[in-house]
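Examining the three-dimensional arrangement
Here is what each chain is made of, one letter per residue.
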Amino acid sequence: MRNFETSECLTQLPDTKFWALSAGWQGLGAVVQRWFGTKSMIVVTDEVIADAVAPSFKEALRREGLTLTELLVLKGKPPLVADYQRIQEIITQVQGLLTTPMRDGKKGERALCQSLLVSLGSGTINDLVKCSAGTLGVPYLSVPTAPSVDGYSSFGASILKENFKQTLPCPAPRAVFTAPEVLSAAPVQLRAAGYGDLASKITAGSDWVLADAFGLDPIDETAWAYTQEGLIKRLSAAPDDLANEIFVGLVRTGFAMQITSSSRPVSGAEHLISHVWEMEHLEIDGITVPHGIKVGIGLLTISAFTFLVLDHMRNGINLDALPKIPGPEVRAQEVAQRCAHLPVSAYRAIEEVALSKLPTQETVNERYNYEKKWYRNLADKIETQLVPLEELKGMLARAGCLTSPRELGVDRSRFLRTLEIAQMIRSRYTVLDFAWETGLFESCAEEITDMFF
Ligand SMILES: [Zn+2]
């Protein structure tokens, strides 16, 4: 078995105790016994995986001496949506199974402890099971079937509730265990999405360095190591190894989120761009674009944006030339102008965040009060985190990712608006905030837009 982590590393995590990639799921029996103290499991999956992977998984369970209590197949061809109603359905079904008399005639809590919940599938199934297990108060085992998201090993699940995509708090899996041949056989689009999401840690990292420098979000060294160590090497893996390497990278970034109870280590301004498109329900030919594909374009955009900002940063910041911070009323009007096309609830939420993150003039004057040399050093440090644009574009293209907002059907004015909204929607400090507060935003946004259109 190839185990990528030592047990020492995993003792630092609040929820996940073990994880492995093992051909044919060899060793799963021992892992389940050790970490869950049971042999029986309820497996949740979707119709596609029920056909493609479940037969070999069942066979592996038999070989490993494990008992499949029930295979719950969620109906509906993909894209299955991770919505709250589904979670309630899963909970009801699982409760029904768990309170069914066991062979020894006992019901209820005891049975609940004897069965283990397993997610067999990609991101959506994992989020649904994670949230269901969290609500039921039982640990779960994640068995990913595609290297597509970093949520397999993270705390919290991304769920659509009351028309709003939100991260609901629930524990990460106690163990993550899958087989490399399953990951390699996953659809290429899912792998490309995973690649985009993993590559996005490049600018997630550069934004974190920036925020750390201004004392706004200190870097946690362990979380940084989980996310950034070996990142470029993984992204440059040979085609045969790529699926496994993407998966390893994504699992590690999930651990970083467990450690910090935050998505800061893995999500910067590139994710904000994707979030805007998610709020706008961006689709191609009626099909939702995978998160990692949108994030990949966000990554190229924010890399280019950051390179431009660094050029300016090296000249230092002239405090006398800082733009005047608008008052709340003016800012609210700006939000209203940019977000008029969004549903009222989304627009109100953005307005609240944009106003709450609005700094005072004094804060800004204090924040940027450094010598030119300090900025030069910071710019050099941030640059080492970035990948040159053409190289990055080539990496994304080779992995099957899209490399221009045009390919998403986004036009020039929408793209410019996306950048502006991205700066408004989250309190997390990124390069967009640096540019906005120092008067660079408009010119950099225009220049980046010219690059794509
Ligand atoms: Zn992501």
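In the annotation of an unreviewed UniProt entry, the entry for the chain reads Glycerol-1-phosphate dehydrogenase (NAD(P)(+)), and the organism field reads Sediminispirochaeta smaragdinae.

Secondary structure assignment for the chain yields 23 helices and 10 strands. Taken over the C-alpha trace, the chain has a radius of gyration of 23 Å; the compact-globule value for 453 residues is 22 Å, and the two agree within 12%. Across its three principal directions, the C-alpha atoms of the chain cover 80 × 45 × 40 Å. Looking at the chain as a whole, 54% of its 453 residues are labelled buried. Contacts in the chain between residues at least 24 apart in sequence constitute 79% of all its contacts with a sequence separation of at least 6. About 19500 Å² of surface is accessible on the chain, with carbon and sulfur atoms providing 50% of the total.

The subject of this paragraph is the nonpolar core. Counting residues in hydrophobic clusters, the biggest one holds 98 residues, and the most contacted among them are Trp-19, Tyr-195, Leu-210, Phe-305, Met-313 and Phe-434. The dominant element in this core, judged by the number of residues it contributes, is helix H15 (residues 291-313), at 11 residues. Of the residues that make up this core, three or more belong to each of domain 1 (7-186) and domain 2 (194-325 + 360-452). Apart from the residues lying within four places of it in its own chain, the contact partners of Phe-305 are Val-431, Leu-432, Ala-435, Phe-441, Cys-444, Ala-445 and Ile-448.

So, on to the sheet that holds strand E4 (residues 115-121). Taken together, the six strands give an open sheet; going across it, the order is E1-E8-E5-E4-E2-E3, and neighbouring strands pair in parallel fashion. Each edge of the open sheet is held by one strand with a lone partner, namely strand E1 (18-21) and strand E3 (67-74). In this sheet, adjacent strand axes meet at a mean angle of 20° when their direction is disregarded. Relative to E3, strand E2 (residues 40-46) is paired through seven bridges, and the arrangement is parallel. Its bridge partner being in E3, Thr-45 is matched across the sheet by Val-73.

Close contact between helix H10 (residues 201-213) and H15 brings their axes to 9 Å; oriented N to C, the two are set at 35°. Both H10 and H15 take part in a crossing whose hand is left-handed. Contact residues: Ile-202, Thr-203 and Leu-210 in H10; Leu-299, Ile-302, Ser-303 and Met-313 in H15. Among the residues making up the contact of H10 with H15, the classes are represented as five nonpolar, two polar and no charged.

The next thing to look at is the environment of Tyr-368. Locating Tyr-368 in the fold gives a position in the loop between helix H18 (361-367) and helix H19 (372-385). The class of Tyr-368 is buried, set by a relative accessible area of 0%. Note: C-alpha distance between Tyr-368 and Phe-214 (154 residues apart in sequence) is 8.1 Å. If sequence neighbours within four positions are ignored, Tyr-368 has contacts with Phe-214, Ile-317, Leu-319, Tyr-375, Tyr-429, Asp-433, Phe-434, Glu-437 and Thr-438.

What counts and what doesn't
- Residues numbered from 1 in each chain as written.
- Predicted model: local features only at pLDDT ≥ 70, side-chain atom pairs only at ≥ 80, totals over all residues.
- Heavy atoms only, no water.
- Helix = DSSP H or I, 4+ residues; strand = E, 2+ residues; numbered from the N terminus.
- Rg over C-alpha atoms; globule rule 2.2 N^0.38 Å.
- Buried < 20%, exposed > 50% of the residue type's maximum accessible area, 1.4 Å probe, protein only.
- Contact = heavy atoms within 4.5 Å.
- Areas by Shrake-Rupley, 256 points an atom, 1.4 Å probe, with all protein chains shown as cover.
- Core = buried A, V, L, I, M, F, W, Y, C linked by side-chain atoms within 4.5 Å.
- Domains from an automatic or database assignment.
- Pairing = 2+ DSSP bridges.
- Axes fitted to C-alpha atoms, helices over the stretch in contact; angles between N-to-C directions.
- Left-handed = near helix turned anticlockwise from the far one by under 90°.
- Nonpolar A, V, L, I, M, F, W, Y, C, P; charged D, E, K, R; others polar.

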